[in-house]
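Okay, here's what each chain looks like letter by letter:
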Amino acid sequence: MAHHEVLSPLPGTFYRRPAPDADVFAKEGATVKAGDVIGLVEVMKQFSEVQADVGGKVVRFLVENEDAVEPGQPLVVIETA
């Protein structure tokens, strides 16, 4: 099995859910498809979707909800077939 890291496209704050009272976009152990939203990065009140760029199983998140992130920083590891 290969592992793929999804990287942050922007500097900002990473959110695992679309709203404070909503479920997370993806849980560890969940299967995602390429293009599925797995989080948001917020910069100055602008929210950008972070999408899985490969399909597979979410192994683990490398950052916590509301952590500050930098461009190119790995956010999540996806196990591909």
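Asker: Can you walk me through the pattern of salt bridges in this structure?
Answerer: Between side chains of opposite charge, a pair can form as their charged atoms come close. Applying the stated criterion to the full structure yields one salt bridge. Its salt-bridge partner being Lys33, residue Asp36 comes within 4.0 Å of it at the nearest N-O pair. Residue Asp36 is classed as partly exposed on the basis of its relative accessible area, which comes to 23%. With relative accessibility at 57%, the residue Lys33 sits in the exposed group.

Asker: Just to check I follow, could you spell out the pairing of strand S6 (residues 56-61) for this structure?
Answerer: Remember that side chains alternate between the two faces of the sheet whenever the strand is regular. As paired strands, strand S3 (residues 31-32) and S6 are joined by two bridges and run antiparallel to one another. Across the sheet, residue Thr31 finds its bridge partner in S6, namely Lys57. Examined bridge by bridge, S6 and strand S8 (residues 74-80) share four bridges and lie antiparallel to one another. Bridging from a neighbouring strand, Lys57 pairs with Glu79 of S8.

Conventions adopted
Residues numbered from 1 in each chain as written. Predicted model: local features only at pLDDT ≥ 70, side-chain atom pairs only at ≥ 80, totals over all residues. Heavy atoms only, no water. Salt bridge = Lys/Arg side-chain N within 4 Å of Asp/Glu carboxyl O. Buried < 20%, exposed > 50% of the residue type's maximum accessible area, 1.4 Å probe, protein only. Pairing = 2+ DSSP bridges. Helix = DSSP H or I, 4+ residues; strand = E, 2+ residues; numbered from the N terminus.

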